[in-house]
Amino acid sequence: MGMKVLVTGGLGFIGSNFIRRALAETKDEIVNLDAETYAGNPENLADLLPHPRYRFLRGDISDPETVRQAMKGVQAVAHFAAETHVDRSILDPEAFLKTNVLGTHVLLEEARRRAGEIKRFLHISTDEVYGPVLRGKSSEDAPFRPTSPYAASKAAADHLATAYHKTYGLPVVIARPSNNFGPYQYPEKALPLMITNWSEGKPFPLYGDGGQVRNWIYVHDCVRALDLILRKGSPGRSYNVGGSVLLRNRDLVLKMRKVMGIPKSLVRQVPDRPGHDRRYALDSRALSKLGYRPASDPASDFDRALRETAAWYQSRRSWWRPLKQSPVFSAYYREQYAEKTKEAAAR
Ligand code: NAD
Ligand code: TYD
């Protein structure tokens, strides 16, 4: 018997991959509540609209009445909805506070009101709550030292979710994934930006010296881990969800240049992101203890996952071209690069 699961933000990158998997591999009934922001793309799940176990609701998680309707008859919540792009949070933090903090609060409140009905509340947090870790790996009890407005808003939401467990006994489980990559990622993020820019013959803007380290995980692995945490995680606990690959950005660029046969001239060093976290690394042993075994995570499979990802974007121009041609995308880039040019001039 499956559960009725409210997924928030299911038209985005990880949420849409989570729903695809849930409908294919579980008996769960999915209600997807998504505000269709610039990052929420109906195309991502258009083929699943006729599915008998899938229902889409357009709406904002920070609206209590919308959330009240969406949570009717639900046994579990998987909360993905968020403003997610660090660079946008630097240009304009307000939407991040509204959705990530207040929106999360509205969901937690409604779940609290339905005490007993909601058996699990999976809150999707991020490795960015720990801030930069120059050595070693962050375990789940590491202190939070967020740096960007995005990370700070996610840290607030993470604390709030824990507080609802400790104070009200809500069965909250928290996942803190590292950098995901794979299909359906909005092309402002590093990897899809790289692949799609190169497919258009444009350079990839590498921030600073490219020495920042990220912990990469294939989205297909991440959503399996999230499903496991939703079902088996201990209420009140947090679980890091990190891939085994730690890589400097310039090494990722090198790998992808090889995959796609791209010359060095299509990499442009640009001024660094302000407050750019130098390194993230997660200790994911608690997740392994829960029974998680990656399907494609070991380093040997990482290159294959990168090739699959490049091939997906190369064969899905009709998916990303309209996104990159939209006024939202170009307005963001104008602002982003106007800002970077100003910073460079001031140095
Ligand atoms: P995304 O930006 O691709 O998608 C976010 C989705 O949330 C979109 O569909 C958007 O329309 C929806 N949304 C935004 N504001 C909303 C609101 N007020 N009400 C309802 N829906 C709203 O994000 P993603 O990369 O899929 O990330 C999903 C979650 O995972 C986020 O909570 C993010 O912080 C977390 N996370 C992401 C990564 C990553 O590498 N992408 C890593 C760690 C954690
Ligand atoms: P991003 O995909 O924005 O994820 P996050 O900031 O959440 O880690 O960026 C991944 C890394 O790539 C990060 O260190 C910033 C860097 N980056 C670039 O060098 N150039 C770019 O154009 C972007 C978007 C990111």
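Look up a bit, the structure's there.
Residues numbered from 1 in each chain as written. Chains lettered and ligands numbered in written order. Predicted model: local features only at pLDDT ≥ 70, side-chain atom pairs only at ≥ 80, totals over all residues. Heavy atoms only, no water.

Novice: Break down the sheet that holds strand E11 (residues 245-248) for me, with residues and values.
Specialist: Taken in spatial order, the three strands of this open sheet run E7-E9-E11, and their pairing is mixed. Unpaired on one side and paired on the other, strand E7 (179-181) and E11 mark the two borders of the sheet. The average angle at which neighbouring strand axes cross in this sheet is 45 degrees, direction not considered. With three bridges connecting them, E7 and strand E9 (residues 213-218) associate as parallel partners. If you follow Asn180 over to E9, its bridge partner there is Ile217. (Pairing = 2+ DSSP bridges. Helix = DSSP H or I, 4+ residues; strand = E, 2+ residues; numbered from the N terminus. Axes fitted to C-alpha atoms, helices over the stretch in contact; angles between N-to-C directions.)

Novice: Any details on the pattern of salt bridges? Residues and values, ideally.
Specialist: Scanning all chains against the criterion turns up 25 salt bridges. Across the pair Lys98 and Asp60 runs a salt bridge, and its minimum N-O distance is 3.9 Å. Highlighted residues: Lys98 in helix H4 (residues 94-113) and Asp60 in the loop between strand E3 (54-58) and helix H2 (64-70), separated in sequence by 38 residues. Its relative accessible area of 29% is what places Asp60 among the partly exposed residues. The partner of Arg112 in a salt bridge is Glu109, with the nearest N and O atoms 3.0 Å apart. (Salt bridge = Lys/Arg side-chain N within 4 Å of Asp/Glu carboxyl O. Buried < 20%, exposed > 50% of the residue type's maximum accessible area, 1.4 Å probe, protein only.)

Novice: Break down the sheet that holds strand E10 (residues 238-241) for me, with residues and values.
Specialist: Ordered in space as E3-E2-E1-E4-E5-E6-E10, the seven strands form an open sheet in which the pairing is parallel. The open sheet terminates on both sides in strands that have one partner only, identified here as E3 and E10. Neighbour to neighbour, the strand axes of the sheet diverge by 20 degrees on average, direction disregarded. By the bridge criterion, five bridges tie strand E2 (residues 29-34) to E3 in an arrangement that is parallel. Its bridge partner being in E3, Val31 is matched across the sheet by Arg55. Packing against the sheet, helix H5 (residues 149-168) makes contact with strand E5 (120-124) and strand E6 (172-177), and its axis sits at approximately 155 degrees to E6. (Contact = heavy atoms within 4.5 Å.)

Novice: Describe the site of ligand 1, and please don't skip the residues or the numbers.
Specialist: Close to ligand 1 lie 28 residues, the nearest being Ile14, Asp34, Thr84, Tyr150 and Lys154. Thr37 has a polar side-chain atom sitting 3.1 Å from an oxygen atom of ligand 1. In this structure, Ile61 approaches ligand 1 through a main-chain N or O atom, which is 3.0 Å from a nitrogen atom. Relative to its unbound accessible area of 840 Å², ligand 1 is 96% covered by the protein chains. Along the lines of polarity and charge, the residues of the shell around ligand 1 split into twelve nonpolar, twelve polar and four charged. (Near = heavy atom within 4 Å. Polar contact = N/O pair within 3.5 Å; in protein donor to acceptor, adjacent residues only side chain to side chain. Areas by Shrake-Rupley, 256 points an atom, 1.4 Å probe, with all protein chains shown as cover. Nonpolar A, V, L, I, M, F, W, Y, C, P; charged D, E, K, R; others polar.)

Novice: Before we move on, could you go through the side chain of Asn215 and cite the residues and values that matter?
Specialist: Checked against the element boundaries, Asn215 lands in strand E9. In terms of polar contacts, Asn215 uses its side chain to reach the backbone amide nitrogen of Leu282, at 3.1 Å. Aside from chain neighbours lying at most four places away, what touches Asn215 is Ser178, Asn179, Gly242, Gly243, Ser244, Val245, Leu246, Tyr280, Ala281 and Leu282.

Novice: Just give me the short version of the nonpolar core, but keep the residues and values in it.
Specialist: With 36 residues, the main nonpolar core has Leu122, Leu226, Ile229 and Val241 as its most contacted residues. Listed by contribution, the elements that provide at least two residues to this core are strand E1 (4-8), helix H1 (13-25), strand E4 (76-79), E5, E6, helix H7 (219-232), E10 and helix H9 (285-289). Broken down by element, the residue count for this core peaks at eight residues, all from H7. By size, the runner-up hydrophobic cluster in this structure holds 33 residues, among which are Phe181, Tyr184, Met260 and Leu266. (Core = buried A, V, L, I, M, F, W, Y, C linked by side-chain atoms within 4.5 Å.)

Novice: Could you give an account of the site of ligand 2, naming the residues involved and the relevant values?
Specialist: As a structural note, the neighbourhood of ligand 2 is formed by 16 residues, with Glu128, Pro205, Arg214, Arg273 and His276 the closest of them. At 2.7 Å, a side-chain N or O of His276 approaches an oxygen atom of ligand 2. Of all elements in the fold, only helix H6 (190-199) and strand E8 (204-207) reach the threshold of two or more residues within the shell around ligand 2. Sorting elements by how many residues they give to the shell around ligand 2 places E8 first, with four residues. Split by residue class, the shell around ligand 2 holds seven nonpolar, four polar and five charged.

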